[in-house]
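Survey of secondary and tertiary structure
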Amino acid sequence: MPLKYPVARRTILLCDYALGGFRPPEMIKRRPAIVISPRLPHRDGLCFVIPLSSSEPEKPVPYVVRVELPEPLPAPFDHQICWAKCDMVATVGYERLDLFRTGRGETGRRQYINPRVSVEIFEEIIQGILYGLGIGHLTLTPPASTLGLIACEGHFVKPQDPARGRPRHGDNKLGGVSFCHRRSAI
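Residues numbered from 1 in each chain as written. Predicted model: local features only at pLDDT ≥ 70, side-chain atom pairs only at ≥ 80, totals over all residues. Heavy atoms only, no water.

Another aspect to go through is the environment of Phe122. Within the secondary structure, Phe122 is located in helix 1 (residues 119-132). A relative accessible area of 8% means that Phe122 is categorised as buried. Sequence-wise, Phe122 and Val35 are 87 residues apart; in three dimensions their C-alpha atoms are separated by 9.9 Å. (Helix = DSSP H or I, 4+ residues; strand = E, 2+ residues; numbered from the N terminus. Buried < 20%, exposed > 50% of the residue type's maximum accessible area, 1.4 Å probe, protein only.)

Encoded structure:
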């Protein structure tokens, strides 16, 4: 049953991307999603969400954030570790969103849970969204997924080689993130 009212930011809901309008490589199936927008004036019935995946990315990127839940979600999404795909922000209507059901109570009424991510993880997700939009240079701190890298013109690079005074060379990629020789202040 779809939502009839706005929910708080950081709430994890079920989002049915399969209702139509999305096509591959966009999300196209039912999956957990985190509400990232507050209720906006004069925009009832819509909110921004970020999908969660149980698959760890092949390479670390600043727009995919590791999310550790205090308790697993109900099956079939019963993973305690998920990955927020911050490069896949979607504006969805409440008809796509639903709460997680846990069964029926003693009186026969449906019971629901209201899982939320922590404030710290939510802040990392917001930073991940900026990187997914290509404006990661606006963040004040790098996401945890880029620890050990340094900022360079809006993206991350390997630490400097002390002998050369510039980022170390490799295959010109590090976890899918290109690097260059010039550092910029962010």
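Text resumes after the structure shown.
Our next topic: the confidence of the model for the chain. Across the chain, the average pLDDT comes to 79, with 74% of residues at or above 70. Of the regions scoring below 50 in pLDDT, residues 167-186 engages in 57 contacts with residues more than four places distant in sequence or in other chains. (pLDDT = per-residue confidence, 0-100. Contact = heavy atoms within 4.5 Å.)

Further remarks concern helix 1. Relative to the 20 Å expected for 14 residues at 1.5 Å per residue, helix 1 spans 20 Å between its end C-alpha atoms, a close match to the ideal helical length. Along helix 1, the residues classified as buried are Ile121, Phe122, Ile125, Gln127, Gly128, Ile129 and Tyr131. (Expected span 1.5 Å × (residues − 1).)

Counted under the stated rule, the structure contains one aromatic pair. Considering the side-chain rings of Phe77 and Phe100, the 6.4 Å spacing of their centres and the 75° angle between planes classify their relative orientation as edge-to-face. Here Phe100 lies in strand 8 (residues 100-104) and Phe77 lies in the loop between strand 4 (64-68) and strand 5 (81-85), a separation of 23 residues in the sequence. Given the relative accessible area of 2%, Phe100 is considered buried. (Phe/Tyr/Trp six-rings, centres within 6.5 Å; stacked < 30°, edge-to-face > 60°.)

For residues that are not glycine, phi is negative in most cases, and the peptide bond is trans in most cases. Omega for the bond connecting Ala75 with Pro76 falls within 30 degrees of zero, at 5°, which places this linkage in the cis form. Among the secondary structure elements, Pro76 is positioned in the loop between strand 4 and strand 5. Of note, Arg10 is a non-glycine position whose phi angle comes to about 80°, a positive value. Overall, the relative accessible area of 18% leaves Arg10 in the buried class. Located in the positive-phi region is His42, a residue other than glycine, with phi close to 65°.

Following the criterion strictly, the structure yields four salt bridges and no others. With a shortest N-O distance of 3.0 Å, Asp44 and Arg39 are connected by a salt bridge. Each of the two residues, Asp44 as well as Arg39, counts as exposed. A salt bridge links Arg66 to Glu68; the nearest nitrogen and oxygen atoms lie 3.4 Å apart. Residue Arg66 is classed as partly exposed on the basis of its relative accessible area, which comes to 43%. (Salt bridge = Lys/Arg side-chain N within 4 Å of Asp/Glu carboxyl O.)

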